[in-house]
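The residues making up each chain are set out below.
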Amino acid sequence: MKAIRYVSLILLTPIVAFAVEVCQVTSPMATISIPHVAKAPELNTDPHSKTWSRASSAWIEKDCSQQLDYPKLKTEVRAFWTDSDLYLLFISPYDQLNLWLPADNSKDRLKLWDRDVVEFFLGDDWTDINHYREFEIAPTGDWVDLAIDLNKQKYEANWNSGWQRLGRIDETNHVWYAVARVPLKSVSEQPVKPGTKWRGNLYRIDGLGEDPQRHFMCWQPTCVVKRDANHVPEHFGTLIFTK
């Protein structure tokens, strides 16, 4: 079975073989309520800082397509929003890191998904669900943001969201952190207010070696085979912006 990644129309990622039974998507799918914070705080990777004290949490623990859990890699994702931005923090325990070196945070890094990375896909269109945005951050702070249109098989790396992001590795405690501040207008032309709902999913890719040995983890498992296990918008979860 295969997990396929594209930029433009170019095949980038090798194929993932399924070793166990494929999972089944059941309702209700994953939902996270994201609280509003009035004053925009400093973006930082410290989960104990005041910045993240009012954030809500979601968890990435399950394989995207197989009936597998990865409790040792259980990843917390914290989120809140301001009038202008969505803030996200990923807290990722690890055993060994698989990195692109040397790091280069100066521009989009394609094929970031071939090493350790966290990802999130966001979209506001509930009619054309094949249109959304993709964001990725590596432990080194390397990044890529993409405008996705599955109808045209377009994965536009030249698109620029204007986001900010940081990565940090805590070697002592074997945890790495990634944070993002995403302009709301980069995802939606419509004003975000309490009650607004976006479609989305949260991901983590972890592990050494080729894809069959790596861990492909989803907040909302997508449970598909013979296609990319991440780009499955019909199986995205829901982000609800609250007061």
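Further up the page is the structure itself.
Just so you know, these numbers come straight off a predicted model, no measurement behind them.

A. Local environment of the nonpolar core. Ranked by internal contacts, the top residues of the largest apolar core, which has 36 residues, are L86, F90, F120 and W198. Element by element, the count of residues in this core is highest for strand β13 (residues 175-183), at four residues. Once residues lying within four places of it in the same chain are set aside, the contact partners of F90 are I60, T75, E76, V77, V118, E119, F120, W176, Y177, A178, L202 and Y203. Listed in part, the 19 residues of the second largest apolar core include V117, Y132, L146 and F236.

B. Main features of the environment of P221. Inspection of the secondary structure assignment puts P221 in the loop between β15 (215-218) and β16 (237-241). Here P221 falls in the buried class, since its relative accessible area comes to 13%. Each C-alpha atom of the pair P221 and V25 lies 7.0 Å from the other, and the pair is 196 residues apart in sequence.

C. Up close: the side chain of R199. Tracing the backbone through its elements, the reader meets R199 in strand β14 (residues 197-206). Among buried charged residues, R199 stands out as having no salt bridge; its nearest opposite-charge side chain is E234, 6.4 Å away. Setting aside residues no more than four positions away along its own chain, R199 makes contact with F121, L122, G123, D125, W126, I129, P233, E234, F236, G237 and L239.

D. Representation of the pattern of salt bridges in the model. Scanning the model with the defined rule gives eight salt bridges in all. One salt bridge in this structure joins K62 and D69, with 3.2 Å as the shortest N-O distance. D69 sits in the partly exposed class, given a relative accessible area of 45%. Between D142 and R109 there is a salt bridge, with its nearest N and O atoms 2.9 Å apart. With a gap of 33 residues between them, D142 in the loop between β9 (131-137) and β10 (143-149) and R109 in the loop between β7 (85-93) and β8 (117-123) connect regions that are remote in the sequence. Exposure class is identical for D142 and R109. Each is buried.

E. Structural detail: unusual backbone geometry. The linkage connecting S27 with the following residue, P28, adopts the cis geometry, with an omega of 0°. Within the secondary structure layout, P28 lies in the loop between β2 (10-11) and β3 (31-34). The omega torsion of the bond from L101 to P102 falls at 0°, within 30 degrees of zero and hence cis. Examined against the element boundaries, P102 turns out to sit in the loop between β7 and β8. Of note in this structure, Q153 is not a glycine but carries a positive phi near 55°. Residue placement: Q153 occurs in the loop between β10 and β11 (154-156).

Criteria and thresholds
Residues numbered from 1 in each chain as written. Predicted model: local features only at pLDDT ≥ 70, side-chain atom pairs only at ≥ 80, totals over all residues. Heavy atoms only, no water. Core = buried A, V, L, I, M, F, W, Y, C linked by side-chain atoms within 4.5 Å. Buried < 20%, exposed > 50% of the residue type's maximum accessible area, 1.4 Å probe, protein only. Helix = DSSP H or I, 4+ residues; strand = E, 2+ residues; numbered from the N terminus. Contact = heavy atoms within 4.5 Å. Lys, Arg positive; Asp, Glu negative; His and termini not counted. Salt bridge = Lys/Arg side-chain N within 4 Å of Asp/Glu carboxyl O.

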